[in-house]
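Observations on the model geometry
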Amino acid sequence: MSEKQLNDIDLTGFDQIEVLGAREHNLKNIDVNIPRNKLVVITGISGSGKSSLAFDTIYAEGQRRYMESFSSYARSFIGDMERPDVDKINGLSPVISIEQKTTSKNPRSTVGTTTEIYDFLRLLFARASEAFSYVSGDKMVKQTQDQIIDQILQQHENQKITLLAPLVKGRKGHYRELFVQIAKMGYNKVRVDGEIADITPKMQLDRYKIHDIEVVIDRIVPKSEDRYRLNQSVSTALKQGKGSMMLVDAQDKAQYFSQNLTDPKSGISYEDPSPNSFSFNSPYGACPTCNGLGTIEEITEESIIPDKSLSISRGGIAPLGEYRDLWIFKQIEIILKSFKANISTPIDKLPPEALKTILYGSEEPVAVPSKKYPGTEWNTNFEGVITFLKRQQDSDNDKIQDWVRDFLVIRTCPDCNGLRLKKESLHFRIDKKNIAELAELDISEIAAWFENLESRLSDRQNIIAKEILKEIRKRLGFLLGIGLDYLTLNRPLRTLSGGESQRIRLATQIGTQLVGVLYIMDEPSIGLHQRDNVKLIQALKDLRDLGNTVLVVEHDKDMMLESDYILDIGPGAGRHGGNIVAKGTPQEFLANKSTTSDYLSGRINIDIPKERRKGNDKALVIKGATGHNLKNVTLRIPLGKMVSITGVSGSGKSSLIHETLFPILNRHFYNSKREPLPYKSVEGLEAIDKVIEVDQSPIGRTPRSNPATYTGMFSDIRTLFAELPEAKIRGYKPGRFSFNVKGGRCEACEGAGMKKIEMEFLPDVHIACETCKGKRFNRETLEVRFKGKSIADVLDMTVEQALDFFEFQPKIFRKVQTLFDVGLGYITLGQHATTLSGGEAQRVKLAEELSKKDTGKTLYILDEPTTGLHFQDIKKLLEVLQKLADKGNSVLIIEHNLDVIKVSDHLIDLGPEGGTKGGQIIAEGTPEQVAKVKGSYTGYFLKEELK
C-alpha cells in the first residue's frame, strides 16, 4: 500500500462528522454532514447560528467527551459539563478551539512567552552567552583556584602583597557584630574603605555612610617554591569571600579574582546565569525598580496640577479641589504666608520653594492658629500632597485606590529603560546582542539574525546551541508563515487584536504537529490585509494536510473560495436563522441560491457611490508623528467625509490613530490623562466639537453587563415598569426592577442570573441560577407585567422583537432601533456581555453613540467595524455610517475590508510593509487615486474591486 493510500485512510472509520438533531440556541433541529480532513467554512448572516453549531454544539460535545475520559475522582473537582442540545454526533475527533478572545490581559504575557520563543532564548543565553562588565565593559572572567595562583605568581612573584576576602561591598551600617565575628575567627586586621586597620574592642563605623570591608587573610611574598602556603591563603580567602578575593600590592593597587564571573578591573561579579536570570517574571532576572514590567506608575506635578494658571483656591491642585474650610487648606495658607504668597496666587506665580513644600512636605512644623482656643497654635507636620497620595496607594479601601489612580502617570522605568531586566542580565551577550535587544526586533529581523548564527559562534557555543536554535527557528518560521512578521517578541499580548492572538495560537498548534484533530476557529482572517490572507489560508491548508479537520467560522470571500467545503446557515438572524440554506464545494455552492452565494458570485454587490463627498474644506492635521514605527508622519484627515485608514497588518494604523490622534483629541476635549505617542503639532481642532472612539473591547467583563444596561435603555425600561398601576399599588420604585441592588433581584445569584463555579486549574464556568432559573428577579418583581411581559421577559427579547414591543415608547424605541440598524436584531436585550464577540461589542457601542444626537461636527473613530459581519450586514452598517457623514460629521475607519474601502470618500494608506519597514503614508486620495499608486498593496487589490 502506497504512502498516499495510507494517509487517505481515516483511522476513526468515519469519513464525515455527522451532527444529528442540533437544537442549541436558534438551530432548528438540523442534521449536518461535515467532511473530515478538509478545510470547511461555516458562513452565514451574523447571528444565523454559525457559532451555535461550531462552538456550542460540536466543540462543547467534544470537550464534554474529553472530560468524561477523566477518572471519577478528577471529575469530582471539575464537575460534569452540560450536554449540548443535540441528538447524536458521530465521527468526532479530539477537538481544539482557537477563538478570537485575546488570550491574556496580563502585562507579563508577551508574544515571546506565548510562542515559547522567549523561553528558548532564555535557555540559549543561560548556556551559551558571554558576560561583560557593566562598569568597565570588559569581558567577565571566571577562574579556578589554580589559575588564580598561577596569575599571582606570574604578576607578583617576589613582591609583597596582601590577600583579602571581601565581606561588605557598598552598603551602609555600623557592622559592630561583623567585627566581633571576624575577631572570633582569629583575624586581627581588616581593610575598611581602602585603609587597613587593626580590629579593636567595640569597633564600629558610621552607620549612615557606605562602606567596603575586607578581612586581611595573609601578607605574603609569593614564590614558586613556596606554592603550598600561597595555595592555603588563596583557598581561605576564596572561602571567606564566597568565591571572590582581592589582592593589594605594595603600591596599594587592588586586583580582583573570583571563581564566579568577575571583572578583573572593578571587582564586580555576577552569579552564574540560569534561564531565570533572563526572565522578567522572576525575581532573579526582573528589574527591581519596575518588577519586570518595564513601566512604573508615578504621581507627578503635571498629573496633579493640570493647569498652572489656576490658583490653589480655584482648584489648581486637582486632588484637593476648590477651597473649602478644611485643615489641609489652613496648613497650606500658613506655608504660603511664610513665602509671602497666598492661596489666591496662580500656581505658576508661586515661589518654586513654596510649591515644592506644598507637594513634597517639610520637616519644619506648621503652626496653625486654633479656633477652639484663640491665641494658641497647633504645631503639625505637613507631609505634602504627593507624599500623601503615595501613602494612599497602599490603602485597603478600593474607592481611595481608584481616586489615587486618577493622578498616576505611567512612565518608562528609568533604571532598565523599559527593557524589564536587571542590569546584570542585560550584559550577557551573544554576537554583540543582549536578550532584550533581540526581543525588540520584529519577527522578520530576528529570523534574519538567526540565519547563519553558527558561523558567528565559537565551537563550544555551537555544540550547546544546536538543538535550541532548531526549536527557535521552527517557531519563528510558523509566525512568518501566517503573516505576523511585524510583531516583536516583547509585544504584550493584551495589545494584540483578536485576530492576531488567534493566529499566534494557530502558529503554536501547527508547531505541535498533531494528527487527527478537529480544529475549530472563529474568523482567523480578522485584522488581516488581503496580501497576508494568502499566508493564513496556506497555514490552514498545512494543518489540514497533516491529517486534521479544520472548521472555520468565516465571512472572508477568499477563505470561502479556497476551502474544500462551505456550509451556509440562515436565511436570517436569530429566530429567522438556524437552518442550512446552502452547502457543497465552492463550485457547487456558487450555483446555489443563498444570500452568501449571491454575494460570492457577484449577483449582488455593495455598490460604489456615483459621487464622492467633497467634505467641508476643513482638515485635522497632525505633524511629526514618530511613535512606535511611525517615521515622522504628517496625517491630514479631511473633515465631513468618510475616511478609511488602510495598510498591511503592522504598518502603523493603530499607532497613528488609537495611540496618537485619539489621545490628543481626548485630552483636548475631555482632559484625559492618557499620553499620546510623540508628535510635533496638531491643527484643525476647532473644526470638530467632540470625538467618539468605538473599539472592540468588551462592553463589560461580567454577566451583569448587557446591551440594555450599556446603551442606557434599561433605566428607561425600569422607569416604565415603575409607572405601571400594579407597581404603584405595591410601592415599587425603579430600583425594584434592577438586578444590581437588593430588593427585587434574586438573592441566591445576587441578580446575575447565573453562578460562577471556580474550576481551580480550568477556566471558571457559569451555570444558570437554580432558584430563579436565570431570570435574575424574585417572584414578586416578576408579577408586575407590561403588555403581559415581565421585566425578565423583556430582557429575553431579541432586539427585533423589542422593536414591535416598544413601538409607542419613543425614548426606548430610538435606542432599540439603532441596535437593529447596526445589524444586531438577533441579540437579546439582556444578553451577557461575556457572550458577545468583539465585533458585536463594537456595534453595541456604535448603537449607543448613534442613539445620541449628533452635532454635525462630531468625529467618529471606528476600528474594523466589519469584524464578524456578513456581506449583507456590512451593507446595513455602511448605510448607517453614510447617514452620519451625510449630516456633516466625519467618520474615520481603520479597515481591511475592500467593501468599506471602495465606498469611502478618502483613503490614507500606510506601509509599505509592517513593523520597522512600515510607518509611512504611501498613498492618499479617493479610492480611484489610490488604486493607481504603484507599491501600495491596498491599491493593487482595490484595482480589481473597482472593476
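Computed from a predicted model, the values in this text were never measured in an experiment.

Thresholds applied
Residues numbered from 1 in each chain as written. Predicted model: local features only at pLDDT ≥ 70, side-chain atom pairs only at ≥ 80, totals over all residues. Heavy atoms only, no water. Helix = DSSP H or I, 4+ residues; strand = E, 2+ residues; numbered from the N terminus. Buried < 20%, exposed > 50% of the residue type's maximum accessible area, 1.4 Å probe, protein only. Areas by Shrake-Rupley, 256 points an atom, 1.4 Å probe, with all protein chains shown as cover. Lys, Arg positive; Asp, Glu negative; His and termini not counted. Charge placed at Lys NZ, Arg CZ, Asp CG, Glu CD. Expected span 1.5 Å × (residues − 1). Arc of directions from axis to C-beta. Axes fitted to C-alpha atoms, helices over the stretch in contact; angles between N-to-C directions. Parallel < 35°, antiparallel > 145°, perpendicular 65-115°, else oblique. Contact = heavy atoms within 4.5 Å. Nonpolar A, V, L, I, M, F, W, Y, C, P; charged D, E, K, R; others polar. Pairing = 2+ DSSP bridges. Left-handed = near helix turned anticlockwise from the far one by under 90°. Phe/Tyr/Trp six-rings, centres within 6.5 Å; stacked < 30°, edge-to-face > 60°. Salt bridge = Lys/Arg side-chain N within 4 Å of Asp/Glu carboxyl O. Core = buried A, V, L, I, M, F, W, Y, C linked by side-chain atoms within 4.5 Å. Disulfide = S-S within 2.5 Å. Patch = residues over 30% accessible without salt bridge, like charges linked within 9 Å, V, L, I, M, F, W, Y side chains within 5 Å.

Attention shifts here to the overall build of the protein. On a plain count of helices and strands, the protein comes out with 34 helices and 34 strands. Along the longest, intermediate and shortest principal axes, the C-alpha atoms of the protein span 100 × 100 × 65 Å. Expressed as a percentage of the 947 residues in the protein, the buried residues total 51%. A total of about 45,100 Å² of accessible surface is found on the protein, and carbon and sulfur atoms cover 49% of it. Across the protein, the 129 positively charged side chains and the 128 negatively charged ones have centroids separated by 3 Å.

Taking 1.5 Å of rise per residue, the 12 residues of helix H29 (residues 810-821) would be expected to cover 16 Å, and the 16 Å separating its terminal C-alpha atoms lies within 8% of that figure. Considered for burial, the residues of H29 that qualify are Ile812, Lys815, Val816, Thr818 and Leu819. Down the axis, H29 shows its buried residues gathered within 155° of arc, on one side only. Phi for glycine 823, located one or two positions after H29, is positive at around 85°.

Turning our attention to the packing of helix H11 (residues 352-360) against helix H12 (residues 385-392). Axis separation between H11 and H12 bottoms out at 3 Å; the angle between their running directions is 20°. Looking at the two axes, H11 sits roughly parallel to H12. Between H11 and H12, the residues in contact are Ile358, Leu359 and Tyr360 and Val385, Ile386 and Thr387, respectively. Tallied by class, residues from the contact of H11 with H12 come to 5 nonpolar, 1 polar and no charged.

We now examine the pairing of strand S22 (residues 565-570). With 6 of its 6 residues buried, S22 lies for the most part within the structure. Burial along S22 is two-sided: Tyr565, Leu567 and Ile569 and Ile566, Asp568 and Gly570, pointing in opposite directions, are all buried. As paired strands, strand S3 (residues 39-44) and S22 are joined by 5 bridges and run parallel to one another. Note on S22: the bridge partner recorded for valine 41 is isoleucine 566. Pairing between S22 and strand S23 (residues 579-584): 5 bridges, direction antiparallel. Each bridged residue has a counterpart across the sheet, and for leucine 567 the counterpart in S23 is lysine 583.

It is worth spelling out the side chain of lysine 902 at this point. With respect to the secondary-structure elements, lysine 902 resides in helix H32 (residues 898-903). Classification of lysine 902 as buried rests on a relative accessible area of 4%.

With that settled, consider the sheet that holds strand S2 (residues 30-35). Strands sit in the order S2-S1-S4 across an open sheet of 3 strands; the sheet is antiparallel. Two strands lie at the open edges of the sheet, namely S2 and strand S4 (86-90), each paired on one side alone. Between one strand axis and the next, the sheet turns through 10° on average, direction left out of account.

Moving on: the packing of helix H5 (residues 117-128) against helix H16 (residues 459-481). For the pair H5 and H16, interaxial distance at closest approach is 10 Å and the crossing angle is 165°. Considering the angle they form, H5 stands roughly antiparallel to H16. In this structure, H5 meets H16 at a crossing whose hand is left-handed. For the pair H5 and H16, contact is made by Ile117, Phe120, Leu121, Leu123, Leu124, Arg127 and Ala128 and by Arg460, Gln461, Ile464, Ala465, Ile468, Leu469, Glu471, Ile472, Arg475, Leu476 and Leu479, respectively.

With an omega of 0°, the peptide bond running from glycine 570 to proline 571 counts as cis. Within the fold, proline 571 resides in the loop between S22 and S23. Put simply, glycine 911 and proline 912 share a cis peptide bond, and its omega is 0°. Inspection of the secondary structure assignment puts proline 912 in the loop between strand S33 (906-911) and strand S34 (920-925). Here glutamate 523, not a glycine, exhibits a phi torsion of approximately 45°, which is positive. The residue glutamate 523 is located in the loop between strand S20 (518-522) and helix H18 (530-545) in this model. You can call glutamate 523 buried: its relative accessible area is 9%.

This next bit is on the sheet that holds strand S24 (residues 619-625). The strand order across the open sheet formed by 3 strands is S25-S24-S27, and the pairing between neighbours is antiparallel. The open sheet has two free edges, formed respectively by strand S25 (633-638) and strand S27 (681-683), since each of these has just one partner strand. With strand direction ignored, the average angle separating the axes of adjacent strands in the sheet is 10°. Two strands pair when backbone bridges link them, and S24 and S25 are joined in this way by 5 bridges, in the antiparallel orientation. Residue pairing for S25: valine 621 is matched across the bridge by arginine 636.

What follows concerns H11. Within an α-helix, residues lying three or four positions from one another point in the same direction, as the helix has 3.6 residues per turn. Among all positions of H11, only Ala354, Leu355, Thr357, Ile358 and Leu359 are buried. For H11, the secondary structure elements touched by its buried residues are helix H9 (301-304), helix H10 (327-338), strand S16 (362-369), strand S17 (377-382) and H12.

Evaluated as defined, the whole model comprises 19 aromatic pairs. Relative to tyrosine 670, the ring of phenylalanine 669 lies with its centre 6.1 Å away and its plane at 50°, an arrangement referred to as tilted. A ring pair is formed by phenylalanine 786 and phenylalanine 805, whose centres lie 5.5 Å apart and whose planes are at 90°; its orientation type is edge-to-face. Highlighted residues: phenylalanine 786 in the loop between helix H26 (779-782) and helix H27 (791-795) and phenylalanine 805 in helix H28 (residues 799-805), separated in sequence by 19 residues. Take phenylalanine 786 and phenylalanine 805: they sit in the same class, and that class is buried. What links up through ring pairs into an aromatic cluster is the set Phe721, Tyr732, Phe737, Phe786, Phe805 and Phe806.

Within the structure shown, the criterion is met by 50 salt bridges. Of the charged contacts, one joins lysine 815 and aspartate 716 as a salt bridge, the two residues approaching to 3.6 Å between their closest N and O atoms. Linking lysine 815 in helix H29 with aspartate 716 in helix H24 (residues 713-722), this pair joins segments that are 99 residues apart in sequence. Accessibility expressed as a relative area gives 14% for aspartate 716, which makes it buried. Shared partners join several salt bridges into a network, and the residues in it are Glu726, Arg730, Arg779, Glu780 and Glu783.

This brings us to the nonpolar core. One broad rule of soluble globular proteins: the nonpolar side chains tend to lie buried together. Counting 134 residues, the largest nonpolar core has Leu121, Leu124, Phe450, Ile717 and Phe806 as the members making the most contacts within it. Counting 29 residues, the second largest nonpolar core, distinct from the first, contains Ile149, Ile152, Ile217 and Ile220.

This brings us to the side chain of asparagine 778. Along the chain, asparagine 778 turns up in the loop between strand S30 (762-768) and H26. Classification of asparagine 778 by relative accessible area gives buried; the value is 18%. Residue contacts for asparagine 778: discarding those within four places in its chain leaves Arg736, Gly743, Gly744, Arg745 and Cys746.

On to the state of the cysteines, then. The term disulfide refers to a covalent linkage connecting the sulfur atoms of a pair of cysteines. Using the criterion set out here, one finds 0 disulfides in the structure. Of all cysteine sulfurs in the structure, the one in cysteine 772 sits closest to cysteine 769, which takes part in no disulfide; the separation is 3.8 Å. For cysteine 769, a relative accessible area of 1% gives the class buried. With no disulfide of its own, cysteine 772 has cysteine 749 as its nearest cysteine by sulfur position, at a separation of 3.8 Å. Classification of cysteine 772 as buried rests on a relative accessible area of 8%.

On the surface, Trp327, Tyr373 and Trp378 cluster together to form a nonpolar patch covering roughly 360 Å² of accessible area. Structurally, tryptophan 327 can be placed in helix H10. For tryptophan 327, a relative accessible area of 40% gives the class partly exposed.

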